[in-house]
Amino acid sequence: MKIAVLGTVGVPGRYGGFETLAENLARYHKSTGQQATLTVWCSGKDNVEHPVRFENADLRYVGLRANGVQSIPYDAISLWQAVRSGHDRILLLGVSGALALPLIRLISRARIVTNIDGIEWKRAKWKGLARLVLRTSEWAAVRFSHEVIADNQAIADHVRDTYDSACHVIAYGGDHALQHAGKEEGADRLPDHYALALCRIEPENNVHVILEALDGFGMPLVFVGNWDSSAYGRDLKARYGKSPNLFLLDPIYDPGALHTVRAGASVYLHGHSAGGTNPSLVEMMHFGIPVLAHGCAFNRHSTEDKAQYFRTSAELADLLQGLDPRDAQEIGAQMREIAQRCYTWDHIGASYFGLLDRA
């Protein structure tokens, strides 16, 4: 069996959730001695270096960017190269290349397994033609893949209700976030007993809701994000950046420093309202810290309805005000138990390779 993993910037993961998934599938492939060969397609534009191996996986490069407008030809070319080189299992991460699947099905007998991501076309940032292309791509992925993966039960429900089709629900691992324990870096610059939020600074992540709730609140807030990447982020930084209890930090890429910030938090605030199972949420659940999350279906499924939930800044402030130490400890313990049961890379790797084998 020859497996091709397509649709990511490449490995090791430095960009987002799919890259982290591909990296950990490669690690699982090696650690468990999988007999199938594994090849990961990577972006020649997004990677400065072009190694030919990672763990036991071969790496191949396409000279386009893996995200944005170029993602469609990038995935389509990757699909063509994968079937032309004899791969009989295709794991496609995302729907950007799905419009090419009818052709791939005509010229190849490879079995195609697609993770359709987070109902991307429903995100508020997509309008007009872009939304139409994404929605059509989702349809094509469901229609022309042999197996479809959803990372959250709410996405599987959407696929069932919209396309009358079943999904395999496989989330993400988060236990890699604990690997840098003991490498305490930057702890002296953090406040005591703080709330933590960590995300891309986008409206659908309800950054404004969290900042409004914590502005002037008795508890400090450490909020890590790319504040300078959008007008939305710059406006919020200008409005709240001088508040004495709000610490608006730029993205943290050093694993030791990120572990320090996460491990020192007293409560985690998760504002994501779109996109399925969010990797940053399942990573934080491994720290055993109480989670206050936006009350969308995605987050409720991820936390098995055992976190606490908000939709407005007033609701979030009330939850924080009423969170006593005993409740906080219990919620944190429940989050860790769910994470250890559902969101480890051993569990996720076994699910992916088992599905690819059965496909």
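Please refer to the structure higher up on the page.
Parameters and conventions
- Residues numbered from 1 in each chain as written.
- Predicted model: local features only at pLDDT ≥ 70, side-chain atom pairs only at ≥ 80, totals over all residues.
- Heavy atoms only, no water.
- Pairing = 2+ DSSP bridges.
- Helix = DSSP H or I, 4+ residues; strand = E, 2+ residues; numbered from the N terminus.
- Core = buried A, V, L, I, M, F, W, Y, C linked by side-chain atoms within 4.5 Å.
- Buried < 20%, exposed > 50% of the residue type's maximum accessible area, 1.4 Å probe, protein only.
- Contact = heavy atoms within 4.5 Å.
- 1 Å grid on protein atoms, 1.4 Å probe; cavity = no way out; pocket = protein on both sides within 12 Å on 5 of 7 lines; lining within 4 Å.
- Points joined across faces, edges and corners; volume = space filled by probe spheres on them.
- Nonpolar A, V, L, I, M, F, W, Y, C, P; charged D, E, K, R; others polar.

**Observations concerning the sheet that holds strand β2 (residues 37–43)**
Okay, step 1: Within the open sheet, the eight strands sit side by side as β3-β4-β2-β1-β5-β6-β7-β8. Their pairing is mixed. The open sheet has two edge strands, β3 (53–54) and β8 (168–169), and neither has a second partner.
Okay, step 2: Judged from the five bridges that link them, β2 and strand β4 (residues 57–62) form a sheet pairing that is parallel. Counted as the bridge partner of Trp41 is Arg60 from β4.

**Quick look at the nonpolar core**
Okay, step 1: Judged by nonpolar contacts, the single largest core of 54 residues is most densely connected at Leu211, Leu214, Leu221, Phe223 and Leu269.
Okay, step 2: With residues near it in sequence (within four places) discarded, Leu269 still touches Ala195, Leu196, Ala197, Ile210, Leu214, Leu221, Leu292, Leu316 and Leu320.
Okay, step 3: In terms of nonpolar packing, the next biggest core, distinct from the first, is built from 36 residues, Val9, Ala82, Ala98 and Trp121 among them.

**So, the layout of surface pockets**
Here the idea is plain: a probe the size of a water molecule rolls over the atoms and shows the empty space left.
Okay, step 1: There is about 240 Å³ of room inside the second largest pocket.
Okay, step 2: Taken together, 15 residues form the lining of the second largest pocket, with Asp151, Gln153, Val169, Ala171 and Tyr343 sitting closest to its centre.
Okay, step 3: Breaking the lining of the second largest pocket down by element, the ones donating at least two residues are α10 (297–302) and α13 (345–358).
Okay, step 4: At three residues, α13 tops the list of elements feeding residues into the lining of the second largest pocket.
Okay, step 5: Looking at the lining of the second largest pocket residue by residue, the classes come out as six nonpolar, seven polar and two charged.

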